[in-house]
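The residues making up each chain are set out below.
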Amino acid sequence: MARPDIDAAVKKLPWGMATSHRSQIERLPKALMDGEAVEEIVVGEYGSHRNKHGLLVLTSARLLLVRSGLVNQEIEEFHFNRISSVELKAGFTDTVTIHASGNTAEFKKVPAGSAKALRDRLSMILAQGGTPPPQPEAPASSADVTSRLQTLDQLLAAGVITDAEHQQQRAQVIQSI
C-alpha cells in the first residue's frame, strides 16, 4: 500500500539514502498509529548497538527513532509533550540531539543539511506547547470510521482512555463523516 506522506518525505532524502534504508522505510507504516502522517525523515546513526543505522521520523503525533535488523524493528518514541528541546549541530555531518523527560538521544552522522527542516518543524511544534497545528483532513471513508471507532472501543476496554475521552473522541470521529 503506497503512503503519499512517506513517499513525499523519502523524496527529500539525499541521493542514495532511500535505497540504503529501504527495509526500514518499507517497515515504517507498521510503526505508525491510525491517522498518523509522516512529515520528515532523516537518516543517520544512534545507539550503541552494532547496527546503528536508522531513521529519525517526525510524524503528526510524535518523533520516532527507528532501527531495523534482519527480522525485527526497534522503535524509540518521543511524544511532543515530553520533548523539552531539540539541538542541531552542523558540520561535515550533522548531529540532532533530543532532550525529553530526563532522557537524551543523539542521532549522529546525519548527511549535512538534511536535518534542518525536521529541527525547524519540531521546534515550531514545541513552541506551540507540543501540539502540532491541525492538518486538513480528507473526508473519512466508512471503513476508516468503523476502524477508528473500533480502536476507540478497544482503548476504552483496555483502560487507556477514560469514558469521557472515549465519548469526546467518538463524537469527533462521527463528526468527520
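See the structure shown above.
Fair warning: this is a prediction, and the values are worked out from it, not measured in the lab.

Draft legend 1. Up close: the overall build of the protein chain. Counting its secondary structure elements, the protein chain contains six helices and seven strands. Listed by position from the N terminus, the elements making up the protein chain come as α-α-α-β-β-β-β-β-β-β-α-α-α. Looking at the protein chain as a whole, 36% of its 177 residues are labelled buried. For the protein chain, restricting intrachain contacts to residue pairs at least 6 apart in sequence, the fraction spanning at least 24 positions comes to 45%.

Draft legend 2. Representation of the environment of Asp144. Mapped onto the elements of the fold, Asp144 is located in helix H5 (residues 142-157). Between the C-alpha atom of Asp144 and that of Ile177, which follows or precedes it by 33 residues, the distance is 9.9 Å.

Draft legend 3. Region of the structure containing the packing of aromatic side chains. The full count for this structure, using the stated rule, is one aromatic pair. Seen from their ring centres, Tyr46 and Phe107 are 5.8 Å apart, and the 35° between their planes marks the pair as tilted. With a gap of 61 residues between them, Tyr46 in the loop between strand E1 (38-45) and strand E2 (53-59) and Phe107 in strand E7 (residues 103-111) connect regions that are remote in the sequence. Exposure class is identical for Tyr46 and Phe107. Each is buried.

Draft legend 4. Main features of unusual backbone geometry. Unlike most non-glycine residues, Lys109 shows phi in positive territory, near 55°. When its relative accessible area of 53% is taken as the criterion, Lys109 is described as exposed.

Draft legend 5. Main features of the nonpolar core. Of all hydrophobic cores here, the largest spans 20 residues; its most connected members are Leu56, Leu63, Phe78, Ile83, Ile98, Phe107 and Leu122. Elements supplying a minimum of two residues to this core: E2, strand E3 (62-68), strand E5 (83-89), strand E6 (93-100), E7 and helix H4 (116-127). Discounting residues that sit within four places of it in the chain, Leu122 has contacts with Leu58, Leu63, Phe80, Ile83, Val86 and Ile98. Within the second largest apolar cluster, 14 residues are counted, among which are Leu32, Val38, Ile41 and Val57.

Draft legend 6. Seen up close, the side chain of Arg62. Among the structural elements, Arg62 can be located in strand E3. We classify Arg62 as buried; its relative accessible area is 4%. Dropping the residues within four chain positions of it, Arg62 is found in contact with Ala31, Leu32, Met33, Glu36, Val57, Glu77, Phe78, His79 and Phe80.

What counts and how
- Numbers given for residues are sequential positions, taken from 1 along each chain in its written order.
- For a predicted model such as this one, the threshold for reporting local features is a pLDDT of at least 70, and the threshold for listing and counting side-chain atom pairs is 80 or more; totals across whole chains, interfaces and linings nevertheless cover every residue.
- Note that the side-chain values use all heavy atoms of the structure and ignore hydrogens as well as water.
- In this description a helix means any DSSP run of H or I spanning at least four residues, a strand means any run of E spanning at least two, and both kinds are numbered starting from the N terminus.
- A simple rule labels every residue: compare its accessible area, found with a 1.4 Å probe on the protein chains alone, to the largest value its type can have, and call it buried under 20%, exposed over 50%, or partly exposed in between.
- Residues are treated as being in contact if the distance between any of their heavy atoms lies within 4.5 Å.
- Any two of the Phe, Tyr and Trp rings considered here, Trp counted by its six-membered ring, make a pair once their centres fall within 6.5 Å; the pair's planes then place it as stacked at under 30 degrees, edge-to-face at over 60, or tilted in between.
- Within this scheme, the nonpolar core is defined by two criteria: the residues are buried Ala, Val, Leu, Ile, Met, Phe, Trp, Tyr or Cys, and they are joined through side-chain atoms within 4.5 Å.

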